[in-house]
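So you can see what is in the structure, the chains are spelled out below.
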Amino acid sequence: MKRFILFILLATIFAFSVAAQSSVVAKAQRITGDRFAFSATTPDGANVLAVKKPSRQMLDAIDKGLDDLFAVARKNGYRRKLNYSDYTIFIGKADRQKNADGVYSPDIAVGAAQYAGSVYDQGGYIYAAGMVISNSPCSFVIAEHTKDFNRVSDVVRYEGEHLILYHNDRRRYESTKDHSQGGSHPILQ
Ligand SMILES: [Zn+2]
């Protein structure tokens, strides 16, 4: 009987985590208009869902970004969500390859919402290097890069800052969670 109850409990936990995971995927698809057909794990154990089979350089750059994130989080005394496996990174299709200055800058177009009328507003949408999809589970989207992988690491670290703050310092999270009133990255020094 005890074993049966344990089984039901585990099955329920599993069902909840599958439901949470699939609603995050649905949200990522809604925001980007992409379909994330490929799943992978980085060498250090972060979860990746991508429109195309992710390159080894992309996966390594994600690990490097998380590594930098965890280091600066520890420096600030934050202890939660410091495992690679806590993170799911979506790699979407870039909606532009270059920024307004002609510099390589694969970005994703997202609905303007809170940025309406601000300098970021491109007429109903904005270009973002990355965007948080879900605070819990920890998840964000970035655009596929074929070069300048340092930029990937930076974006991973920057989006991760919002998630680290959400789980470790809610007040600081609230005051930095969007950039419509200014403020940018890095947040953590
Ligand atoms: Zn940000």
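Caption draft 1: Quick look at the overall build of the chain. Tallying secondary structure elements over the chain gives four helices and eight strands in all. Written out in order from the N terminus, the α and β elements of the chain read α-β-β-α-β-β-β-β-β-β-α-α. Buried positions account for 29% of the 189 residues belonging to the chain. Considering only contacts within the chain whose residues lie at least 6 apart along the sequence, 57% involve residues at least 24 apart.

Caption draft 2: Inspection of unusual backbone geometry at higher detail. Between serine 136 and the following residue, proline 137, the backbone shows a cis peptide bond with an omega angle of 0°. The residue proline 137 is located in the loop between β7 (130–134) and β8 (138–143) in this model. One non-glycine residue, lysine 81, adopts positive backbone phi at about 60°. Tracing the backbone shows lysine 81 in the loop between α2 (56–75) and β3 (87–92). When the 20 C-beta atoms within 10 Å are taken as the criterion, lysine 81 is described as buried.

Caption draft 3: Spatial organisation of the nonpolar core. One finds Ile62, Ile89, Phe90, Val141, Ile142, Val152 and Val156 to be the most contacted residues of the largest nonpolar core, which totals 35 residues. Listing elements by their share of this core, those giving two or more residues are β2 (47–50), α2, β3, β6 (125–128), β7, β8 and α3 (149–168). Valine 141 has contacts with Ala28, Ile31, Thr32, Phe90, Gly92, Ile108, Gly130, Met131 and Ile133, leaving out every residue within four places of it along the chain.

Caption draft 4: Highlighting the sheet that holds strand β5 (residues 104–111). In spatial order, the strands read β4-β5-β6; together these three strands make up an open sheet with antiparallel pairing. Each edge of the sheet is formed by a strand with only one pairing partner; in this case those strands are β4 (96–98) and β6. The average angle at which neighbouring strand axes cross in this sheet is 35°, direction not considered.

Caption draft 5: Fine view of α2. Look at α2: 29 Å from first C-alpha to last across 20 residues, which is about the 28 Å you get at 1.5 Å a residue. Within α2, burial applies to Met58, Leu59, Ala61, Ile62, Gly65, Leu66, Leu69 and Ala73. Axial view of α2: buried residues confined to an arc of 160°, hence all on one face. α2 presents Arg56, Ala71, Arg74 and Lys75 as exposed residues on the side facing more than 90 degrees away from its buried surface. At its buried positions, α2 is contacted by β1 (38–41), β2, β3 and α3. Positive backbone phi, at 85°, marks glycine 77, one or two positions downstream of α2.

The rules behind the values
Residues numbered from 1 in each chain as written. Predicted model: local features only at pLDDT ≥ 70, side-chain atom pairs only at ≥ 80, totals over all residues. Helix = DSSP H or I, 4+ residues; strand = E, 2+ residues; numbered from the N terminus. Buried ≥ 20, exposed ≤ 12 C-beta atoms within 10 Å, placed from the backbone. Contact = placed C-beta atoms within 7 Å. Core = buried A, V, L, I, M, F, W, Y, C linked by C-beta atoms within 7 Å. Pairing = 2+ DSSP bridges. Axes fitted to C-alpha atoms, helices over the stretch in contact; angles between N-to-C directions. Expected span 1.5 Å × (residues − 1). Arc of directions from axis to C-beta.

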